[in-house]
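Remarks on the overall topology
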Amino acid sequence: MKIIIKSKASIVEGMASTVRDQPAVVLREVSAGYARHVVLHGVTARVPAGRATVVLGPNGSGKTTLLNVIAGVVAPVAGSVRRTSVRLPAYVPQRSAVADTLPMTVRQAVAMGRWARLGPWRRQSGKDREIVRECLRRLAIDDLAARQLGALSGGQRQRALVAQGLAQRSDLLLLDEPSTGLDLGARGRIADVLHQERAAGRTVVRTTHDLAEALRADHCLLLDEGRLVAQGAPADVLTEDTVHAVWRLPGRPVARPPEMTNLPG
Ligand SMILES: Nc1ncnc2c1ncn2[C@@H]1O[C@H](COP(=O)(O)OP(=O)(O)OP(=O)(O)O)[C@@H](O)[C@H]1O
(Lines give C-alpha, C1' and ligand atoms only; values in the text may rest on other atoms or scores of the structure.)
Protein backbone atom coordinates (compact mmCIF):
# COMPACT_ATOMS: atom_id res chain seq x y z
CA MET A 1 0.00 0.00 0.00
CA LYS A 2 1.34 3.44 -0.78
CA ILE A 3 0.16 6.97 -1.12
CA ILE A 4 2.11 9.64 -2.87
CA ILE A 5 1.19 13.28 -2.67
CA LYS A 6 3.08 15.84 -4.68
CA SER A 7 2.20 19.34 -5.70
CA LYS A 8 1.14 20.43 -9.22
CA ALA A 9 1.43 17.65 -11.80
CA SER A 10 1.56 15.22 -8.95
CA ILE A 11 0.30 11.74 -8.26
CA VAL A 12 -2.00 10.63 -5.50
CA GLU A 13 -2.38 6.94 -5.60
CA GLY A 14 -4.02 4.79 -2.98
CA MET A 15 -2.62 1.41 -3.95
CA ALA A 16 -5.12 -0.51 -1.88
CA SER A 17 -6.10 -4.02 -2.81
CA THR A 18 -9.50 -2.61 -3.79
CA VAL A 19 -8.13 -1.10 -6.97
CA ARG A 20 -7.02 -4.54 -8.09
CA ASP A 21 -10.51 -6.02 -7.61
CA GLN A 22 -12.72 -6.65 -10.60
CA PRO A 23 -14.28 -3.32 -11.53
CA ALA A 24 -18.03 -2.74 -11.52
CA VAL A 25 -17.52 0.58 -13.29
CA VAL A 26 -14.59 1.96 -15.24
CA LEU A 27 -14.44 5.62 -16.25
CA ARG A 28 -11.78 6.73 -18.66
CA GLU A 29 -11.01 10.41 -19.20
CA VAL A 30 -14.63 11.33 -18.60
CA SER A 31 -15.72 14.94 -19.01
CA ALA A 32 -19.37 15.66 -18.36
CA GLY A 33 -21.78 18.34 -17.20
CA TYR A 34 -24.95 20.19 -18.05
CA ALA A 35 -25.62 22.10 -21.27
CA ARG A 36 -22.44 24.11 -21.82
CA HIS A 37 -21.28 23.80 -18.23
CA VAL A 38 -18.61 21.08 -18.05
CA VAL A 39 -18.37 19.92 -14.44
CA LEU A 40 -16.18 16.81 -14.58
CA HIS A 41 -12.82 17.08 -16.31
CA GLY A 42 -10.96 13.98 -17.52
CA VAL A 43 -12.01 11.68 -14.69
CA THR A 44 -10.39 8.24 -14.84
CA ALA A 45 -11.60 6.01 -12.04
CA ARG A 46 -12.58 2.48 -11.10
CA VAL A 47 -15.33 1.31 -8.81
CA PRO A 48 -14.51 -2.15 -7.44
CA ALA A 49 -17.26 -4.75 -7.76
CA GLY A 50 -18.93 -6.07 -4.63
CA ARG A 51 -17.44 -3.30 -2.47
CA ALA A 52 -18.60 -0.13 -0.79
CA THR A 53 -17.24 2.99 -2.49
CA VAL A 54 -17.64 6.54 -1.22
CA VAL A 55 -17.41 9.67 -3.36
CA LEU A 56 -16.17 12.70 -1.45
CA GLY A 57 -15.31 16.28 -2.18
CA PRO A 58 -16.32 19.83 -1.26
CA ASN A 59 -19.71 21.28 -2.22
CA GLY A 60 -19.92 21.67 -5.98
CA SER A 61 -16.92 19.41 -6.67
CA GLY A 62 -19.04 17.16 -8.90
CA LYS A 63 -20.04 14.20 -6.70
CA THR A 64 -23.68 14.13 -7.82
CA THR A 65 -22.60 14.66 -11.42
CA LEU A 66 -20.23 11.70 -11.17
CA LEU A 67 -23.03 9.55 -9.76
CA ASN A 68 -25.29 10.75 -12.60
CA VAL A 69 -22.64 9.71 -15.12
CA ILE A 70 -22.24 6.26 -13.53
CA ALA A 71 -26.04 5.90 -13.49
CA GLY A 72 -26.25 6.87 -17.15
CA VAL A 73 -28.45 9.89 -16.37
CA VAL A 74 -25.80 12.32 -17.66
CA ALA A 75 -23.88 11.35 -20.81
CA PRO A 76 -20.17 12.22 -20.96
CA VAL A 77 -19.12 14.80 -23.54
CA ALA A 78 -15.76 13.02 -23.71
CA GLY A 79 -14.32 9.76 -22.48
CA SER A 80 -16.06 6.48 -21.74
CA VAL A 81 -18.01 4.78 -18.97
CA ARG A 82 -18.16 1.01 -18.78
CA ARG A 83 -20.41 -0.78 -16.35
CA THR A 84 -19.94 -4.51 -15.92
CA SER A 85 -23.25 -5.03 -14.11
CA VAL A 86 -25.89 -6.95 -16.00
CA ARG A 87 -28.78 -4.99 -14.53
CA LEU A 88 -29.49 -1.29 -14.69
CA PRO A 89 -28.10 0.51 -11.65
CA ALA A 90 -30.48 1.45 -8.85
CA TYR A 91 -30.20 5.18 -8.23
CA VAL A 92 -31.30 6.82 -4.98
CA PRO A 93 -31.25 10.61 -5.50
CA GLN A 94 -30.78 13.22 -2.80
CA ARG A 95 -34.13 13.62 -1.14
CA SER A 96 -34.09 17.34 -1.95
CA ALA A 97 -34.21 16.30 -5.63
CA VAL A 98 -37.58 14.61 -5.10
CA ALA A 99 -40.68 16.85 -5.06
CA ASP A 100 -42.52 17.00 -1.72
CA THR A 101 -45.79 17.08 -3.57
CA LEU A 102 -45.61 13.70 -5.32
CA PRO A 103 -49.11 12.31 -4.80
CA MET A 104 -48.25 8.78 -3.73
CA THR A 105 -48.02 6.67 -0.64
CA VAL A 106 -44.79 5.29 0.72
CA ARG A 107 -45.78 1.81 -0.48
CA GLN A 108 -46.42 3.14 -3.99
CA ALA A 109 -43.09 4.97 -3.97
CA VAL A 110 -41.22 1.81 -2.98
CA ALA A 111 -43.19 -0.21 -5.53
CA MET A 112 -41.90 2.16 -8.23
CA GLY A 113 -38.60 0.38 -7.68
CA ARG A 114 -40.19 -2.66 -9.35
CA TRP A 115 -41.42 -0.80 -12.44
CA ALA A 116 -38.52 -1.79 -14.69
CA ARG A 117 -39.33 -5.44 -14.02
CA LEU A 118 -43.09 -5.33 -14.49
CA GLY A 119 -44.80 -6.59 -17.62
CA PRO A 120 -46.60 -4.43 -20.19
CA TRP A 121 -49.65 -3.87 -17.92
CA ARG A 122 -47.48 -2.91 -14.96
CA ARG A 123 -49.21 -5.50 -12.78
CA GLN A 124 -47.29 -6.43 -9.68
CA SER A 125 -46.87 -10.11 -9.00
CA GLY A 126 -46.99 -11.64 -5.54
CA LYS A 127 -43.19 -11.65 -5.62
CA ASP A 128 -43.07 -7.92 -6.40
CA ARG A 129 -45.38 -7.22 -3.46
CA GLU A 130 -43.26 -9.39 -1.18
CA ILE A 131 -40.09 -7.53 -2.25
CA VAL A 132 -41.79 -4.19 -1.50
CA ARG A 133 -42.90 -5.44 1.95
CA GLU A 134 -39.40 -6.70 2.67
CA CYS A 135 -37.80 -3.36 1.67
CA LEU A 136 -40.28 -1.44 3.84
CA ARG A 137 -39.40 -3.73 6.75
CA ARG A 138 -35.65 -3.42 6.23
CA LEU A 139 -35.85 0.36 6.41
CA ALA A 140 -38.28 0.17 9.37
CA ILE A 141 -40.95 2.13 7.54
CA ASP A 142 -43.60 -0.58 7.24
CA ASP A 143 -45.80 1.36 9.66
CA LEU A 144 -45.62 4.36 7.29
CA ALA A 145 -46.59 2.41 4.16
CA ALA A 146 -50.02 4.04 3.77
CA ARG A 147 -48.81 7.59 4.46
CA GLN A 148 -48.34 10.13 1.68
CA LEU A 149 -44.66 10.49 0.76
CA GLY A 150 -44.92 14.29 0.98
CA ALA A 151 -46.29 14.10 4.53
CA LEU A 152 -43.17 12.40 5.89
CA SER A 153 -40.25 13.96 7.71
CA GLY A 154 -37.00 14.32 5.77
CA GLY A 155 -35.48 11.27 7.45
CA GLN A 156 -38.55 9.11 6.86
CA ARG A 157 -38.66 10.14 3.22
CA GLN A 158 -34.98 9.34 2.83
CA ARG A 159 -35.60 5.83 4.14
CA ALA A 160 -38.46 5.44 1.65
CA LEU A 161 -36.12 6.42 -1.20
CA VAL A 162 -33.49 3.93 -0.07
CA ALA A 163 -36.21 1.27 0.15
CA GLN A 164 -37.21 2.11 -3.44
CA GLY A 165 -33.57 1.66 -4.49
CA LEU A 166 -33.36 -1.73 -2.77
CA ALA A 167 -36.61 -2.83 -4.40
CA GLN A 168 -34.87 -2.58 -7.78
CA ARG A 169 -32.69 -5.55 -6.79
CA SER A 170 -29.79 -4.22 -8.84
CA ASP A 171 -26.24 -5.41 -8.35
CA LEU A 172 -25.10 -1.75 -8.50
CA LEU A 173 -26.65 0.59 -5.94
CA LEU A 174 -25.91 4.31 -6.26
CA LEU A 175 -26.95 6.67 -3.47
CA ASP A 176 -26.58 10.45 -3.35
CA GLU A 177 -25.95 11.57 0.25
CA PRO A 178 -28.28 8.96 1.74
CA SER A 179 -27.41 9.89 5.34
CA THR A 180 -27.18 13.68 5.21
CA GLY A 181 -29.41 15.37 7.78
CA LEU A 182 -30.63 12.14 9.36
CA ASP A 183 -30.76 11.35 13.06
CA LEU A 184 -28.55 8.64 14.53
CA GLY A 185 -31.23 5.95 14.32
CA ALA A 186 -31.99 6.56 10.66
CA ARG A 187 -28.30 6.77 9.79
CA GLY A 188 -27.62 3.52 11.59
CA ARG A 189 -30.50 1.79 9.84
CA ILE A 190 -29.33 2.91 6.40
CA ALA A 191 -25.71 2.01 7.23
CA ASP A 192 -26.80 -1.49 8.30
CA VAL A 193 -28.82 -2.01 5.14
CA LEU A 194 -25.96 -0.87 2.90
CA HIS A 195 -23.59 -3.12 4.83
CA GLN A 196 -25.94 -6.06 4.21
CA GLU A 197 -26.13 -5.22 0.50
CA ARG A 198 -22.37 -5.16 0.24
CA ALA A 199 -22.11 -8.42 2.23
CA ALA A 200 -24.51 -9.95 -0.32
CA GLY A 201 -21.97 -9.11 -3.05
CA ARG A 202 -23.59 -5.96 -4.42
CA THR A 203 -21.61 -2.89 -5.37
CA VAL A 204 -22.58 0.14 -3.30
CA VAL A 205 -21.51 3.67 -4.29
CA ARG A 206 -22.56 6.64 -2.22
CA THR A 207 -21.65 10.28 -1.94
CA THR A 208 -21.09 11.66 1.53
CA HIS A 209 -19.70 14.58 3.48
CA ASP A 210 -19.06 12.39 6.52
CA LEU A 211 -15.38 11.47 6.90
CA ALA A 212 -16.05 8.89 9.61
CA GLU A 213 -18.57 7.15 7.36
CA ALA A 214 -16.13 7.38 4.44
CA LEU A 215 -13.36 5.73 6.44
CA ARG A 216 -15.56 2.66 6.94
CA ALA A 217 -15.93 2.12 3.19
CA ASP A 218 -13.67 -0.12 1.10
CA HIS A 219 -12.82 2.41 -1.55
CA CYS A 220 -12.86 6.16 -1.97
CA LEU A 221 -12.99 8.56 -4.91
CA LEU A 222 -11.99 12.11 -3.97
CA LEU A 223 -13.06 14.97 -6.20
CA ASP A 224 -11.99 18.58 -6.23
CA GLU A 225 -13.35 21.11 -8.71
CA GLY A 226 -14.50 18.34 -11.04
CA ARG A 227 -11.20 16.49 -11.06
CA LEU A 228 -10.40 13.21 -9.37
CA VAL A 229 -7.54 13.99 -7.02
CA ALA A 230 -7.25 10.60 -5.33
CA GLN A 231 -8.68 7.13 -5.25
CA GLY A 232 -7.94 4.10 -3.13
CA ALA A 233 -8.50 2.81 0.39
CA PRO A 234 -10.15 5.62 2.41
CA ALA A 235 -7.45 5.62 5.10
CA ASP A 236 -4.81 6.13 2.40
CA VAL A 237 -6.72 8.77 0.49
CA LEU A 238 -8.14 10.79 3.38
CA THR A 239 -4.91 11.78 5.03
CA GLU A 240 -4.83 14.93 7.13
CA ASP A 241 -2.80 16.75 4.49
CA THR A 242 -5.13 15.79 1.66
CA VAL A 243 -8.26 16.70 3.62
CA HIS A 244 -6.78 20.10 4.55
CA ALA A 245 -5.76 20.75 0.97
CA VAL A 246 -8.97 19.69 -0.74
CA TRP A 247 -11.32 21.37 1.73
CA ARG A 248 -9.03 24.43 2.05
CA LEU A 249 -9.02 24.12 5.84
CA PRO A 250 -7.08 26.76 7.73
CA GLY A 251 -3.93 26.08 9.69
CA ARG A 252 -2.02 23.86 7.29
CA PRO A 253 0.85 24.87 5.05
CA VAL A 254 -0.48 23.06 1.97
CA ALA A 255 -0.31 25.46 -0.94
CA ARG A 256 -2.78 23.81 -3.29
CA PRO A 257 -4.68 20.56 -3.53
CA PRO A 258 -2.91 17.64 -5.10
CA GLU A 259 -3.78 16.71 -8.63
CA MET A 260 -3.99 13.17 -9.84
CA THR A 261 -2.28 12.58 -13.11
CA ASN A 262 -1.75 8.86 -13.05
CA LEU A 263 -3.95 6.04 -11.90
CA PRO A 264 -3.46 2.41 -11.13
CA GLY A 265 -4.96 -0.15 -13.46
N1 LIG B 1 -28.79 20.42 -13.46
C2 LIG B 1 -27.73 21.22 -13.47
N3 LIG B 1 -27.60 22.18 -14.41
C4 LIG B 1 -26.52 22.99 -14.44
N5 LIG B 1 -25.50 22.93 -13.55
C6 LIG B 1 -25.59 22.01 -12.58
C7 LIG B 1 -26.69 21.11 -12.48
N8 LIG B 1 -26.49 20.29 -11.42
C9 LIG B 1 -25.32 20.68 -10.88
N10 LIG B 1 -24.78 21.70 -11.57
C11 LIG B 1 -23.50 22.36 -11.29
O12 LIG B 1 -22.48 21.39 -11.34
C13 LIG B 1 -21.49 21.63 -10.34
C14 LIG B 1 -21.29 20.36 -9.54
O15 LIG B 1 -22.52 20.04 -8.90
P16 LIG B 1 -22.73 18.67 -8.15
O17 LIG B 1 -24.14 18.67 -7.65
O18 LIG B 1 -22.29 17.56 -9.02
O19 LIG B 1 -21.69 18.82 -6.94
P20 LIG B 1 -21.64 18.07 -5.55
O21 LIG B 1 -20.21 17.78 -5.29
O22 LIG B 1 -22.57 16.92 -5.55
O23 LIG B 1 -22.15 19.20 -4.57
P24 LIG B 1 -22.84 19.12 -3.11
O25 LIG B 1 -21.82 18.61 -2.15
O26 LIG B 1 -23.17 20.56 -2.82
O27 LIG B 1 -24.06 18.24 -3.22
C28 LIG B 1 -21.98 22.81 -9.52
O29 LIG B 1 -21.30 23.96 -9.98
C30 LIG B 1 -23.44 22.91 -9.87
O31 LIG B 1 -23.88 24.24 -9.83
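For the protein, an unreviewed UniProt entry supplies the name Zinc/manganese transport system ATP-binding protein and the organism Amycolatopsis arida. Under the heading Sequence similarities (unreviewed entry), UniProt records this for the protein: "Belongs to the ABC transporter superfamily."

Another point: the packing of helix H3 (residues 126-138) against helix H4 (residues 154-167). Interhelical geometry of H3 versus H4 gives an angle of 140° and a closest axis separation of 9 Å. Viewed along their axes, H3 and H4 adopt a mutual orientation that is oblique. Regarding H3 and H4, the two cross each other, and that crossing is right-handed. On H4, the residues touching Ile131, Cys135 and Arg138 of H3 are Ala163, Leu166 and Ala167. Partitioned by chemical class, the residues of the contact of H3 with H4 number 5 nonpolar, no polar and 1 charged.

This brings us to the sheet that holds strand E4 (residues 78-83). One open sheet accounts for 3 strands, arranged E2-E1-E4; its pairing is antiparallel. Each edge of the sheet is formed by a strand with only one pairing partner; in this case those strands are strand E2 (37-48) and E4. The mean angle between the axes of side-by-side strands here comes to 20°, regardless of whether they run parallel or antiparallel. Sheet topology note: the strand E1 (residues 23-34)/E2 ladder contains 8 bridges and is antiparallel. Each bridged residue has a counterpart across the sheet, and for Leu27 the counterpart in E2 is Ala45. Against the sheet, helix H1 (residues 63-71) touches E1, E2 and E4, its axis set at about 120° to E1.

Across a sheet, paired strands are connected by hydrogen bonds in the backbone, their directions being either parallel or antiparallel. What the 6 strands build is an open sheet, ordered E5-E6-E7-E3-E8-E9; its pairing is mixed. The outermost strands of the open sheet, each flanked by one partner alone, are strand E5 (90-92) and strand E9 (227-232). Between one strand and the next, the sheet's axes are offset by a mean angle of 15°, whatever the strand orientation. Pairing geometry for strand E8 (residues 219-224) and E9, over 5 bridges, is antiparallel.

Okay, H1 next. An α-helical turn contains 3.6 residues, so a residue and the one three or four places further along point in the same direction. Of all 9 residues in H1, 8 are buried; the element is thus mostly enclosed. Among the residues of H1, Lys63, Thr65, Leu66, Leu67, Asn68, Val69, Ile70 and Ala71 are the ones counted as buried.

Quantified by volume, the largest pocket comes out at close to 330 Å³. Forming the boundary of the largest pocket are 16 residues, of which Ala191, His195, Arg206, Glu213 and Arg216 lie nearest the centre. Only helix H5 (184-199) and strand E7 (203-207) provide two or more residues apiece to the lining of the largest pocket. At 7 residues, H5 tops the list of elements feeding residues into the lining of the largest pocket. Residues that form the lining of the largest pocket fall into these classes: 6 nonpolar, 2 polar and 8 charged.

On to H5, then. With 16 residues, H5 extends 22 Å from end C-alpha to end C-alpha; this agrees with the ideal 22 Å at 1.5 Å per step. On the buried face of H5, the contacting elements are H3, H4, strand E6 (172-175) and E7. Looking one or two residues beyond H5, the residue adopting positive phi is Gly201, at roughly 95°.

Cut-off values and rules
Throughout this document, residue positions are counted from 1 along each chain, in the order its sequence is written. Local features in this predicted model are restricted to residues whose pLDDT is 70 or higher, and side-chain atom pairs enter the listing and the counts only when it is 80 or higher, whereas totals over whole chains, interfaces and linings include all residues. Based on all heavy atoms of the structure, the side-chain values leave hydrogens and waters out of the count. UniProt positions are given in the numbering used here, feature names are shortened, and annotations may be inferred rather than shown by experiment. Comment: axis = line fitted to C-alpha atoms, over the contacting stretch for helices; angle = value between 0 and 180 degrees taken between N-to-C directions. Strands here are runs of E lasting at least two residues and helices are runs of H or I lasting at least four, both read from the DSSP assignment and numbered beginning at the N terminus. Roughly parallel means an angle under 35 degrees; roughly antiparallel, over 145; roughly perpendicular, 65 to 115; everything else is oblique. Take the far helix as your reference; a near helix turned counterclockwise from it by less than a right angle gives a left-handed crossing, and one turned clockwise gives a right-handed crossing. Two residues qualify as a contact provided that any one of their heavy atoms is within 4.5 Å of a heavy atom in the partner residue. Each residue is assigned to one of three groups, with Ala, Val, Leu, Ile, Met, Phe, Trp, Tyr, Cys and Pro labelled nonpolar, Asp, Glu, Lys and Arg labelled charged, and all others, Gly among them, labelled polar. Pairs of strands are assigned from DSSP output, requiring at least two bridges between the strands. The buried label goes to any residue with under 20% of its type's maximum accessible area, the exposed label to any with over 50%, and the partly exposed label to all in between, with areas taken from a 1.4 Å probe on protein chains only. Cavities and pockets are found on a 1 Å grid laid over the protein atoms alone: a cavity is a set of points where a 1.4 Å probe fits but cannot escape, a pocket is an open set with protein on both sides within 12 Å along at least five of seven lines, and a lining residue has an atom within 4 Å of such a point. Grid points are joined across faces, edges and corners, and a volume is the space filled by probe spheres set on the points. In a helix, the anticipated span is given by 1.5 Å times the number of residues less one.

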